[in-house]
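Chain and residue survey
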Amino acid sequence: MITRKSTREITMMKEAGTLLASCHKEIAKLMKPGITTTEIDQFVENFLAEHGAIPEQKGYNGYKYATCASVNDEICHGFPRDEKLQAGDIVTIDMVVNLNGGLADSAWTYVVGDADEKTQRLLDVTKTSLYKGIEQAQVGNRIGDIGHAIQTYAESEGYSVVRDFTGHGIGPSIHEKPHIPHYGEAGKGLRLKEGMVVTIEPMINEGAWQSKMDMNNWTARTIDGSRSAQFEHTIVITKNGPLILTDQDDE
Ligand code: MF3
Ligand code: CO
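Described in the following lines is the structure provided in the data block. (Residues numbered from 1 in each chain as written. Chains lettered and ligands numbered in written order. Predicted model: local features only at pLDDT ≥ 70, side-chain atom pairs only at ≥ 80, totals over all residues. Heavy atoms only, no water.)

Here we take up the overall build of the protein. Along its length, the protein carries four helices and 15 strands. A globule of 251 residues ought to have a C-alpha radius of gyration of about 18 Å, and the protein, at 17 Å, matches this closely. C-alpha extents for the protein along the principal axes are approximately 45 × 45 × 35 Å. When each of the 251 residues of the protein is scored for burial, the buried share is 53%. Within the protein, counting contacts between residues at least 6 apart in sequence, those at least 24 apart form 70% of the total. Of the roughly 11000 Å² of accessible surface on the protein, a fraction of 50% belongs to carbon and sulfur atoms. (Helix = DSSP H or I, 4+ residues; strand = E, 2+ residues; numbered from the N terminus. Rg over C-alpha atoms; globule rule 2.2 N^0.38 Å. Buried < 20%, exposed > 50% of the residue type's maximum accessible area, 1.4 Å probe, protein only. Contact = heavy atoms within 4.5 Å. Areas by Shrake-Rupley, 256 points an atom, 1.4 Å probe, with all protein chains shown as cover.)

This is the structure:
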């Protein structure tokens, strides 16, 4: 079932989203060589607790951490670990915040230290592909319009789009219907309706789109060892266009 959220639910999700955005801005300051993703995960746990929020991912389907931390060729669902990050690594931090029952989900890729040109271009294209998808999240458009915009743009820049993981509806639970693929055909799929809350979260690879699963049965990485980046927002579809609930005021 695809639900349309009430104004009250959306207000609660917006509050969670605002807190999540401020947490990401703090993480950005921590991304220095030598820090570990375990330390970042611990920072998030403390930050959320201080603000009366819960890391919704912890315990979800047996997942053990507050965040997913995916480094370089890891696409998503990387486990926080004690290895020190090095200058030039890219790290996607993904988390779902529960504030008083309102959920919000946002992932962001960071560079440790300074980005070289190749890395900056991967991040820029990935972020722009997210916003191109969001632009299509309009009442009356179809789900395929979102994926089509993302895929067309990312591939025109020489990158590929991960197929094995998609955006999703979100509400009282992390993953609700419908799936939001980041590839596809314009004009195809379900029609978008006012009040739907979904994530758009393109994972963009430097090489091939295919992924493989680690032994831990969670972490997906690129099949060819190329790097993967991801930006994710939670958005609500309104009659005045898409409203980003996890906005960091970064553009
Ligand atoms: N935030 C992830 C997403 O965007 C959800 C991961 S669930 C977890 O879909 F349990 F793996 F954390
Ligand atoms: Co997420």
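Here the narrative resumes, following the displayed structure.
Moving on, we get to unusual backbone geometry. For residues other than glycine, phi is negative in most cases, and the peptide bonds are mostly trans. Of note, the bond from K177 into P178 is cis; its omega dihedral lies within 30 degrees of zero at 0°. Note on placement: P178 falls in strand β8 (residues 176-180). Unusually for a residue other than glycine, N217 sits at a positive phi of about 65°. The residue N217 is located in the loop between β11 (211-213) and β12 (220-222) in this model. Overall, N217 belongs to the exposed group, its relative accessible area being 62%.

Our focus in this paragraph is the pairing of strand β9 (residues 197-200). Judged by which residues are buried, β9 turns out to be covered on both faces: V197 and T199 on one side and V198 and I200 on the other are all buried. In the sheet, β9 pairs with strand β14 (residues 233-238) via four bridges, with the strands oriented antiparallel. Within the sheet, the bridge partner assigned to V197 lies in β14 and is V236. (Pairing = 2+ DSSP bridges.)

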